[in-house]
Amino acid sequence: SAVISQKPSRDICQRGTSLTIQCQVDSQVTMMFWYRQQPGQSLTLIATANQGSEATYESGFVIDKFPISRPNLTFSTLTVSNMSPEDSSIYLCSVHRRLDTEAFFGQGTRLTVV
Amino acid sequence: AQSVSQHNHHVILSEAASLELGCNYSYGGTVNLFWYVQYPGQHLQLLLKYFSGDPLVKGIKGFEAEFIKSKFSFNLRKPSVQWSDTAEYFCAVMGFGTYKYIFGTGTRLKVLA
């Protein structure tokens, strides 16, 4: 399995500000993803973090709102920009190694925007 | 549209009761199927998965799931639940080769001691 460290684990932020979430993996991984879980809803894929290139965003998510970096094979960041209360969610990092049949997840970042 | 439906949002059972959580999916292609569990304060963990072969798959902690292709279902079962099974359970599908999950909304299970 892969051990994923996600920081911060939770935060309360003012609207209009930005928060950067970090995801560190203990081994090199092929794929890294960012998911969002809004209250009472399922986990929804935000984007695939590509190493050395721009992230690939899913429908409904844009780079200006959720800029993502992935400078190497073990680290990625997700920024939630210009936050509003609607951004209050749990944000999860997920990784998938080439030979794995399933993904591994971080513990998530619980974000509250006030 | 691609989606996963979990029929029960909240389930409360007494210890030793049997459990069945429903999961149906809609996806235009070959899928891999998963059940994940999230215990209080912990990260999502894989409970079991189906890729091919025997449609009855066994996972950790006595859980099993049956893939019924004709019904697009992948229901989770456990004959006798324990208090430690209290958790949130997520059904998910992954399009073959995509590495991207589509999750259901989750089922919160509470087992009373």
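Above this text is the structure in question.
Heads up: these notes are all about the structure in this document. These figures come from a predicted structure and were not determined experimentally. (Residues numbered from 1 in each chain as written. Chains lettered and ligands numbered in written order. Predicted model: local features only at pLDDT ≥ 70, side-chain atom pairs only at ≥ 80, totals over all residues. Heavy atoms only, no water.)

Quick notes on the overall build of chain B
Each helix and strand in chain B was counted, giving zero helices and 12 strands. Going from N to C terminus, chain B has its helices and strands arranged as β-β-β-β-β-β-β-β-β-β-β-β. The C-alpha radius of gyration computed for chain B amounts to 13 Å, which stays within 12% of the reference 13 Å derived for 113 residues, consistent with globular compactness. Across its three principal axes, chain B shows a C-alpha extent of roughly 40 × 25 × 20 Å. Expressed as a percentage of the 113 residues in chain B, the buried residues total 46%. Of the contacts formed within chain B by residues at least 6 apart in sequence, a portion of 54% connects residues at least 24 apart. For chain B, the computed accessible surface area is about 5,500 Å², with 54% contributed by carbon and sulfur atoms. (Helix = DSSP H or I, 4+ residues; strand = E, 2+ residues; numbered from the N terminus. Rg over C-alpha atoms; globule rule 2.2 N^0.38 Å. Buried < 20%, exposed > 50% of the residue type's maximum accessible area, 1.4 Å probe, protein only. Contact = heavy atoms within 4.5 Å. Areas by Shrake-Rupley, 256 points an atom, 1.4 Å probe, with all protein chains shown as cover.)

Description of the sheet that holds strand β7 (residues 68-72) of chain A
Residue and element names in this part refer to chain A. Read across the open sheet, the four strands follow the order β1-β3-β8-β7; overall the sheet is antiparallel. The open sheet is flanked by β1 (4-7) and β7, the only strands paired with a single partner. Put simply, the sheet's adjacent strands are angled 15° from each other on average, direction ignored. Inspection of the sheet shows β7 paired to strand β8 (residues 75-80) by three bridges, in the antiparallel sense. When the sheet's bridge partners are listed, S69 is paired in β8 with T77. (Pairing = 2+ DSSP bridges. Axes fitted to C-alpha atoms, helices over the stretch in contact; angles between N-to-C directions.)

Re the packing of aromatic side chains
Scanning all chains against the criterion turns up 18 aromatic pairs over all chains. Ring geometry for A:F61 against A:F66: centres 5.6 Å apart, planes inclined by 65°, an arrangement best described as edge-to-face. A:F66 carries the same exposure label as A:F61, and that label is buried. Consider the rings of B:Y36 and B:F103, whose centres lie 6.2 Å apart with planes at 55°: the pair is tilted. Here B:Y36 is found in strand β5 (residues 31-38), whereas its partner B:F103 is found in strand β11 (residues 101-103), with 67 residues between them in sequence. Accessibility expressed as a relative area gives 1% for B:Y36, which makes it buried. Put simply, the rings of A:Y35, A:F105, B:F34, B:Y36, B:F51, B:F90, B:Y101 and B:F103 pair up and form one aromatic cluster. Over the face of the ring belonging to B:F51 we find B:K49, whose NZ or CZ atom lies 6.0 Å from the ring centre. (Phe/Tyr/Trp six-rings, centres within 6.5 Å; stacked < 30°, edge-to-face > 60°. Lys NZ or Arg CZ within 6 Å of the ring centre and 35° of its normal.)

Quick word on unusual backbone geometry
With an omega of -10°, the peptide bond running from A:K7 to A:P8 counts as cis. With respect to the helices, strands and loops of the structure, A:P8 is situated in the loop between β1 and β2 (10-13). Of note, the phi angle at B:K61 is positive, near 60°, even though the residue is not glycine. With respect to the secondary-structure elements, B:K61 resides in the loop between β7 (56-58) and β8 (64-68). Taking the relative accessible area as the measure of exposure, B:K61 reaches 48% and is therefore partly exposed.

What about the pattern of salt bridges?
Applying the stated criterion across every chain yields a total of eight salt bridges over all chains. Across the salt bridge formed by A:E102 and B:K49, the nearest N and O atoms sit 2.8 Å from each other. Linking A:E102 in the loop between β9 (89-96) and β10 (104-105) with B:K49 in strand β6 (residues 45-50), this pair reaches from one chain into another. Taking relative accessible area as the criterion, B:K49 reaches 31% and is therefore assigned partly exposed. (Salt bridge = Lys/Arg side-chain N within 4 Å of Asp/Glu carboxyl O.)

These figures come from the coordinates and say nothing about function on their own.
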